[in-house]
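# An overview of the molecular structure
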Amino acid sequence: MLKGIAASSGVAIAKVYKLEQPTVEIVKKDADPAAEVAKFNEALEKTKNDIERIKEIASKRLSEEELAVFDAHLMMASDPDLSAQIISMIENDKVNADYATETVANQMIMIFESMDNDYMRERAADIKDVTFRLKCNLLGLMIPDLSLINEDSVVVAYDLTPSDTAQLNTYAKGFATAIGGRTSHSAIMARSLEIPAVVGCSGIMEEAKHGDVIVMDALEGEVLLNPDEATIQKYEAKAKAYAEEKEALKVLKTAKSVSTDGHQVELAGNIGGAKDVEGVLNNGGEGVGLFRTEFLYMNSDHFPTEDEQFEAYKEVLTGMGGRKVVVRTLDIGGDKKLSYFEFPEEMNPFLGYRAIRLCLDRTDIFRTQLRALIRASVYGKLCIMFPMIATVKEFRDAKAIFNEEKAKLISEGVKVADNIEVGMMVEIPAAAVNADNFAKEADFFSIGTNDLIQYTMAADRMSEHVSYLYQPYNPSILRLVKATIDGAHKEGKWAGMCGEMAGEPYAVPLLLGLGLDEFSMSATSILKARKMVTSLSKAECEKLAAEAIQLSTAEEVLDLVKSKVD
Ligand code: PEP
Ligand code: MG
């Protein structure tokens, strides 16, 4: 059994699909030319078929332009000159097909790479790609491709990027990764896809083999490989019980989020794009408390244009049917990179050039996003917030740019809503302790505990080695949350939370007691949170929270909460 961090609940029992590039080792051998030529022709046919198949599956989600790369690869694989050169080397030198393929490919790559022409240099990459596939086919090695999964599988990988997760189809019953923590982005994606995931599972890449039977208990963060029949049955029963519990919560879908003594809060969902709106509504979400717009940028091969963004924001606002939608402006940097933008080399990217810092520097990128948002504002109830605000000046500068773009659009005759709220994330301790001053200028706060905990405890959220410091129940964190909520309320503003803490069942009583107005979480956590809220008294929770922040450790706080609500 391997231990990891339960990142998205559920239980999955399936086969391992290992996402790992094969290592190709080629040695020159004397060989029978006729047999090698036959082997080569067969591998070449398979290579063409593989590319066709990948193209066909990709055509369901990619544009014509993006599909062009597959045509280039097919052309390369069908190039008579390439196969003629390889076959002639096999015949003349009497060597193995994989060796001939590698030698010819390397020569061609060198020629193309040295050409004084961008188009030709790009062809070198195509040759590399196609001949890599060809060599793997000759050696009987599998190149993993998530979109090709066609039986129930648990994907095992070192880490999954957003574009990897975007390729997962319905056969992917969950995933287990070697690195990451509860708030790493692969974990967040798993929750929005509603599939179980265990992250930070060190040893998984060494232990799991492609095709192994895997039982993943993402309630406990445990992974078992090739267990016996009795163990499988035990986990099948657990999976069934979990599904039944999930089903039973559905009665709360249309219930109000009101405590037993009549205090109402808002339970909202976190989304990464328009396709997640349905999940929020299906799980009884009363709004969107965080739209992570960086996924629009990360799933693209260029900075999304104003019109592309406008369409995405319009779709979300319309989909939410007038319910509040909090859109966060671009939060890129840290672990979130773009293929088409070069970030400066930094020792500590999480403390570096990212989010609002980047946007205030590259105002061209920022203005495009704000214009798209302001134009979309007429389609629903829009709130905009800025990520990673550390100083009041940053908030003022960002807000001034928003005001300028809004005024420009109005003067251009564009219709805009007059009730757009402009707030900020509180995810840097400096903002939390100075919340009362920020509240004089911001319309609302949304507490980003994933980063607030990372920065308060000085513990990288991506590192499984220090994941024990992710302590939402630590009194230091509770005190910062309290300062933020009190600061907002002093100025008559509302305070929400969109970090993962908002959806932790034992955090709900504390947050309710501290006066949090809006709780935004992964869609799958909403109904559980509603069950909590509707069974609690706000007055009792206030007493609980007051007692909790006087305690010394996270364990003491958690024990106290459990003693009251369990
Ligand atoms: C947070 O930091 O809590 C947050 C919600 O933002 P992200 O997880 O996207 O950094
Ligand atoms: Mg954050």
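Our subject is the structure that appears above.
Residues numbered from 1 in each chain as written. Chains lettered and ligands numbered in written order. Predicted model: local features only at pLDDT ≥ 70, side-chain atom pairs only at ≥ 80, totals over all residues. Heavy atoms only, no water.

### Structural notes on the sheet that holds strand E14 (residues 444–447)
Neighbouring strands of a sheet are bound in pairs by backbone hydrogen bonds; such pairs are parallel or else antiparallel. Note the threshold: Being paired, for any two strands, means DSSP has found at least two bridges between them. We count a stretch as a helix when DSSP gives it H or I for four or more residues in a row; a strand needs E for two or more, and each element gets its number in order from the N terminus. A fitted line through C-alpha atoms represents every axis, and for helices the fit uses only the stretch in contact; the resulting angles, taken between N-to-C directions, go from 0 to 180 degrees. Any two residues whose heavy atoms approach within 4.5 Å are treated as being in contact.
Taken together, eight strands build a closed barrel; the order of strands is E9-E10-E11-E12-E13-E14-E15-E16 and the barrel is parallel. The mean inter-strand angle of the sheet, taken between neighbouring strand axes irrespective of direction, is 25 degrees. Sheet analysis places strand E15 (residues 494–497) next to strand E16 (residues 518–521), joined by two bridges and oriented parallel. Paired with Met-497 across the two strands is Phe-519, which belongs to E16. Here helix H15 (residues 392–411) sits on the sheet and contacts strand E12 (381–386) and strand E13 (421–426); the angle it forms with E13, its principal contact strand, is near 150 degrees. Of the strands in this sheet, strand E9 (266–271) and E16 are in contact with helix H21 (residues 526–534), which crosses E9 at around 165 degrees.

### Some thoughts on helix H22 (residues 538–548)
Note the following rule: Any residue under 20% of the maximum accessible area for its type is buried, any over 50% is exposed, and the rest in between are partly exposed; the area is computed with a 1.4 Å probe on protein chains only. Throughout, the arc means the angular range of directions from the helix axis out to the C-beta atoms.
Among the residues making up H22, those that are buried are Lys-538, Cys-541, Leu-544, Ala-545 and Ala-548. Along the axis of H22, the buried positions cluster into a sector of 110 degrees, meaning they face one direction only. Residues of H22 that are buried in the fold lie against helix H19 (475–490), helix H20 (507–514) and helix H23 (554–565).

### A short note on the pairing of strand E10 (residues 288–292)
How we decide: Handedness is read with the strands pointing away from the viewer; a crossover is right-handed when the path from the first strand over the helix to the second is clockwise.
Counting buried positions over the five residues of E10 gives five, a clear majority of the element. In this fold, E9 hands off to helix H10 (residues 277–282), which returns the chain to E10; that crossover is right-handed. Pairing geometry for E10 and strand E11 (residues 324–328), over three bridges, is parallel. Bridge pairing in E11 places Val-288 opposite Val-325.

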